[in-house]
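# Observations on the three-dimensional arrangement
Chain by chain, the residues:
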Amino acid sequence: MTESTTIRWEENTEGVVTLVLDDPDQPVNTMNAAFIDSLDAVVDRLENKDEALRGVVLTSAKKTFFAGGDLRDLRAVTPETADRSFEAGMRVKRALRRLETLGVPVVAALNGTALGGGYEIALACHHRVLLDRPTARVGLPEVTFGLLPGGGGVTRTVRMFGIADALQKVLLEGRQYAPAAALAAGLVDGIAADPAELLMKARAFIDAHPESAQPWDRPGHRIPGGTPAHPEFAANLPAFPANLRKQTGGAPYPAPRNIMAAAVEGAQVDIDTAFVIEARYLTDLLTGQTAKNMIQAFFYDLRAVEAGANRPQNLPSRTVRRVAVLGAGMMGAGIA
């Protein structure tokens, strides 16, 4: 069995296991190779538990719950390493799928921000409670880096919200939701005022739902709003790519296109096949140059600018008493 180095196992006398995400080598938890190994290890251990296992709580020892994929690893993917990247993504999907089908309630106690891979972990849980911090955010912002959610985010949000709402509310804009907005939009099931209430609500769900399953694993589940197999939905489907083209101004952004394709195609097959479709569309983006450019510009370069990179140093101090703004046209008028 692989050793878990980034997920701590805590078990109480009532049969509830708390998995504490805590990468000792980083200030935040990310979906790197050590985490994937750790996730496999703890899921193996959970599956080998006896009947005494009553439920699982996932939380974090960091200020944030989980920061998502490691952008250094994602940016380094090339056509030559595409197979390894694809398999790493599938390992995460398989482990999270095993977690959500344990047959006991699994609750995400989100003690802080859960974006990208962090929210995908939460989606694999049966219940999600978010700490009501002003800085806490949940969502799937991968599209803003030229990527798509590769840990099951496309597949699960489609089955949770339906194709249209998943695309509009979560996937295509990469919106990050504050706690109250996340609750209203259905991204989380509850919010907590403090860490003690967060864990209390997580354990209360376990007590009240001893046998839990995802909605899409229950008999008779249908994707909200229908799929291309439904005539009414199929009649509106041609408008989806047309609206996307309008929203992007016709710009050649591959990520929104791949997200839409993965959502529509994945809705027509079983969940495990949908995971494969999702992984293939992500691998296509990772091996392209657009995602690498967007990661560099909107993460690394932007952070450098915000930190003051390239600002003039050691300028003589002076007092400014008057400022004039000169401009022409719409932009100049707006600034003025």
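In case you missed it, the structure is sitting above this.
The structure displayed is predicted, hence computed values, not measured ones. Residues take numbers from 1 onward in each chain, read along the sequence in its written order. Two thresholds apply to this predicted model, a pLDDT of at least 70 for residue-level local features and 80 or more for giving and counting side-chain atom pairs, whereas whole-chain, interface and lining totals are computed over all residues. As a rule here, side-chain values cover all heavy atoms of the structure and leave hydrogens and water aside.

### What to know about the environment of D217
Counted only if it meets this: Here a strand is any run of E in DSSP of at least two residues, a helix any run of H or I of at least four, and the numbering for each starts at the N terminus. Note on contacts: a residue pair is in contact if any heavy atoms of the two residues lie within 4.5 Å. Any pair of nitrogen or oxygen atoms within 3.5 Å is treated as a polar contact; in protein, a donor-acceptor pairing is required on top of that, and neighbouring residues in sequence qualify only through side-chain atoms on both sides.
Within the secondary structure, D217 sits in the loop between α8 (195–208) and α9 (231–236). Separated by 54 residues in sequence, D217 and I271 have C-alpha atoms that sit 9.3 Å apart. If sequence neighbours within four positions are ignored, D217 has contacts with R97 and T101. At a separation of 2.7 Å, a polar atom in the side chain of D217 contacts the side chain of R97.

### Some remarks on the side chain of E120
By the secondary structure assignment, E120 is in helix α4 (residues 117–123). At 3.2 Å, the side chain of E120 and the backbone nitrogen of G152 are in polar contact. Among residues more than four places away in sequence, those in contact with E120 are L96, L140, E142, P149, G150, G151, G152 and G153.

### A short note on the sheet that holds strand β5 (residues 114–115)
Within a sheet, adjacent strands bond to each other through the backbone by hydrogen bonds, running parallel or antiparallel. Rule in force here: A strand pair is defined by DSSP finding two or more bridges across the two strands.
Taken in spatial order, the three strands make up an open sheet running β5-β7-β8, and their pairing is mixed. The open sheet has two edge strands with one neighbour each: β5 and β8 (176–177). Strand direction decides the pairing type here: β5 and strand β7 (residues 138–139), joined by two bridges, are parallel. For L115, the partnering residue across the bridge sits in β7 and is G139.

### Focus: the packing of helix α5 (residues 153–161) against helix α11 (residues 254–266)
Stated formally: The angle between two axes is taken between their N-to-C directions and runs from 0 to 180 degrees, where each axis is a line fitted to C-alpha atoms and a helix contributes only its stretch in contact. Throughout, the term roughly parallel applies to angles under 35 degrees, roughly antiparallel to angles over 145, roughly perpendicular to angles from 65 to 115, and oblique to all others. The crossing is said to be left-handed when, going from far helix to near helix, the turn is anticlockwise and less than a right angle, and right-handed when the turn is clockwise. Residue classes follow a fixed rule: Ala, Val, Leu, Ile, Met, Phe, Trp, Tyr, Cys and Pro count as nonpolar, while Asp, Glu, Lys and Arg count as charged, and any other residue, Gly among them, counts as polar.
Here α5 crosses α11 at 55°, and the two axes come no closer than 9 Å. The pairing of α5 with α11 is recorded here as oblique in orientation. The handedness of the crossing between α5 and α11 is right-handed. Where α5 approaches α11, its residues V154, V158 and R159 are matched on the opposing element by I259, A262, A263 and G266. Across the contact of α5 with α11, the residue classes tally to five nonpolar, one polar and one charged.

### What about the sheet that holds strand β2 (residues 16–21)?
Strand order in the open sheet formed by six strands is β1-β2-β3-β4-β6-β9, and the pairing between neighbours is mixed. Edge positions in the sheet fall to β1 (7–11) and β9 (190–192), since each has one partner strand and no second. Averaged over neighbouring strand pairs, the angle between their axes works out to 20° when direction is ignored. Direction of pairing for β2 relative to strand β3 (residues 55–60): parallel, over a ladder of six bridges. Across the sheet, residue T18 finds its bridge partner in β3, namely V57.

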